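Each chain, letter by letter, is given below.
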Amino acid sequence: MSQEVENIQPSYPLFRNDEYKENLSTKREAYEERHPQDKIDETFQWTTTEEYKELNFNREALTVNPAKACQPLGAVLCSLGFEKTMPYVHGSQGCVAYFRTYFNRHFKEPIACVSDSMTEDAAVFGGQKNMYAGLENAKALYKPEMIAVSTTCMAEVIGDDLNAFINNSKKEGYIEQDFPTPYAHTPSFVGSHTTGWDNMFEGIARYFTLNYMEDKEVGSNGKINFVPGFETYLGNYRVIHRMMKEMGVDYSLLSDPTEVLDTPADGEFRLYAGGTTMDEVKDAPNAINTIMMQPWQSVKSTKFVKNTWKHDVPKLNIPMGLQWTDELLMKVSELSGKPIPESLEKERGRLVDMMTDSHAWLHGKKFALYGDADYCMGMTKFLLELGAEPTDVLCNHANKRWKKAMEKMISESPYGANTTVHISKDLWHFRSLVFTNKPDFMIGNSYGKFIQRDTLYKGEEFEVPLIRIGFPIFDRHHLHRMTTLGYEGAIYMLTTLVNAVLEQLDKETRGMGTTDYNYDLVR
Ligand code: SF4
């Protein structure tokens, strides 16, 4: 039972060999104390029923497979979007290992982020000493021009005060007084990765502008600010750049990690690459206005921008799909005085053409989806524009106001007649919904894969395929480079959705002489 040097195999297909099969079955019988297969199957079937769903939805004290990540993970992504910035997490090392591997598996890139490795003594006496050494070492070793500090649960539970610790580090000479160290408290027992992004952005905006507002004047730099929120589709940053360039609009994208998360393999390792400059952040209050690309998750940042920068922050939705992209571009045109160029009008026309071409295949198709608040809202809106029917939309970390806004939007479309919106629910709830409400497809991140497997286990006719749009996507490559915003994003999503429908149709009609009714090559 050993590998051959000339033919090293991964677990699959290696475990298909007879000796491994035997070994696995012996292990199961001798050590696993497994229930009999018929009992397992009986219980499995029960978990797919309405009765079980009801019990599942009455569950209170347990979360199973949460459809969210934790606050500092979002803070790290936000920090990575600023030039020569090292994300620094005050707290446990294991948490930071998780953030780095999470992003690493999604973006297939090394992720720079340090922790000050608090252990038992720091948990009792506070982590100030860790911060002294951590800031000094991070600066000396990695030579950043800014260190953006967030916290893990441990630091928050004992109540470490970042402002005091950072100031003391400077007073004691561990780093220079004027070294940029914005920070945000990011307790993970409340909120999610999107809250963490929002907190960190507010922390950076606060650090560079709150006490420097005297010489600022709204509109004086002629720019429009864009705040992306927790955004993991690199194409979504790029599409903002492209659309604004085509419009000839001067703008600042406040947090842009596209370069550092997509560095070329040309022999040079880049610890830092690209990103929004500190000067852009300092100048941001001088802009005409600030647009929140994901308004439902940017609550604290919006409040700060309104109160301190005195920007009114236009009421817009995430620019997903046709109408909400139209609204974004019209608002930018109104604010900047620049017309929408022919190139974008043509792109819009192409999207409308595609929607018409694919309408027959998407009309009436049922989709269940889960993810972050703005994403879920934008995706639902686009599905309704396509004539598709969302069955269940689940966002674990959205509030009641969001649910109400969703329900209002859905009620305005005939395709939303059978849609239900769920908040504070997890993917185990979602699994129940997939079994009982039987959508044609699920849309979500990689974790939906296990729900798809379960539906297949019930029987081929029950299988609900997963369409991977969301975060994280670990089990497919390069999807994070795609675009989901703007007309370009709608084109990508429409292509993905309709081809999933056609793929499924081909699968169902490929039986030779049995289900290959139309011998269709052209759909
Ligand atoms: S939830 Fe808390 S303990 Fe867990 S990884 Fe996040 S910060 Fe660390």
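Below: a short report on this structure. Everything numeric in this text was worked out from a predicted model, so none of it was measured.

Burial of the side chains of strand S4 (residues 224-227) extends over both faces: Ile224 and Phe226 are buried on one face and Asn225 and Val227 on the other. Remark: the S4/helix H12 (residues 234-247)/strand S5 (residues 251-253) crossover connection has right-handed handedness. Here S4 runs beside strand S6 (residues 289-292); their pairing, made up of four bridges, is parallel. Pairing of phenylalanine 226 across the sheet is with isoleucine 291, part of S6.

Strand order in this open sheet of three strands is S5-S4-S6, and the pairing throughout is parallel. Lying at the two open borders of the sheet, with one neighbouring strand each, are S5 and S6. Neighbour to neighbour, the strand axes of the sheet diverge by 20° on average, direction disregarded. In terms of strand pairing, S4 meets S5 through three bridges, oriented parallel. Paired with phenylalanine 226 across the bridge in S5 is leucine 253. Across the sheet, H12 is in contact with S4 and S5; its angle to S5 comes to roughly 175°.

Once that is clear, we can look at the side chain of asparagine 445. Its location among the elements puts asparagine 445 in the loop between strand S10 (441-444) and helix H20 (448-458). In this view, asparagine 445 contacts Tyr370, Leu466, Ile469, Gly470, Phe471 and Pro472; residues no more than four positions away in its chain are not counted.

Turning our eyes to something else, we now look at the packing of aromatic side chains. According to the stated counting rule, one finds 19 aromatic pairs in the structure shown. Between the aromatic rings of phenylalanine 44 and phenylalanine 435, the centroid separation amounts to 6.2 Å while the plane-to-plane angle is 90°, which identifies the pairing as edge-to-face. With phenylalanine 44 in helix H3 (residues 37-46) and phenylalanine 435 in helix H19 (residues 427-437), this residue pair connects regions lying 391 residues apart in the sequence. A relative accessible area of 12% means that phenylalanine 44 is categorised as buried. By relative accessible area, phenylalanine 435 is classed as buried at 5%. One aromatic cluster is present, formed by Tyr98, Phe99, Tyr102, Phe103, Phe107, Phe230, Tyr447, Phe471 and Phe474 through successive ring pairs. Over the ring of phenylalanine 474 we find arginine 105, and its NZ or CZ is 4.4 Å from the ring centre. The cationic tip of lysine 458 hangs over the ring face of phenylalanine 462; the distance from NZ or CZ to the ring centre is 5.0 Å.

Turning to the site of the ligand, a few remarks are in order. Taken together, Cys70, Pro72, Cys95, Tyr98, Thr152, Cys153 and Ser188 make up all the residues around the ligand. Split by residue class, the shell around the ligand holds five nonpolar, two polar and no charged.

The next point concerns the nonpolar core. With 108 residues, the main nonpolar core has Phe226, Met244, Phe367, Trp402 and Ile443 as its most contacted residues. When near neighbours in sequence (up to four residues on either side) are disregarded, isoleucine 443 contacts Phe367, Ala368, Leu369, Tyr370, Tyr375, Met379, Leu383, Leu466, Ile467, Ile469 and Leu497. Residues Met86, Met131, Ala138 and Val149 belong to the second largest nonpolar core, which totals 15 residues.

About the criteria used
- Residues numbered from 1 in each chain as written.
- Predicted model: local features only at pLDDT ≥ 70, side-chain atom pairs only at ≥ 80, totals over all residues.
- Heavy atoms only, no water.
- Buried < 20%, exposed > 50% of the residue type's maximum accessible area, 1.4 Å probe, protein only.
- Helix = DSSP H or I, 4+ residues; strand = E, 2+ residues; numbered from the N terminus.
- Right-handed = clockwise from strand over helix to strand, strands pointing away.
- Pairing = 2+ DSSP bridges.
- Axes fitted to C-alpha atoms, helices over the stretch in contact; angles between N-to-C directions.
- Contact = heavy atoms within 4.5 Å.
- Phe/Tyr/Trp six-rings, centres within 6.5 Å; stacked < 30°, edge-to-face > 60°.
- Lys NZ or Arg CZ within 6 Å of the ring centre and 35° of its normal.
- Near = heavy atom within 4 Å.
- Nonpolar A, V, L, I, M, F, W, Y, C, P; charged D, E, K, R; others polar.
- Core = buried A, V, L, I, M, F, W, Y, C linked by side-chain atoms within 4.5 Å.

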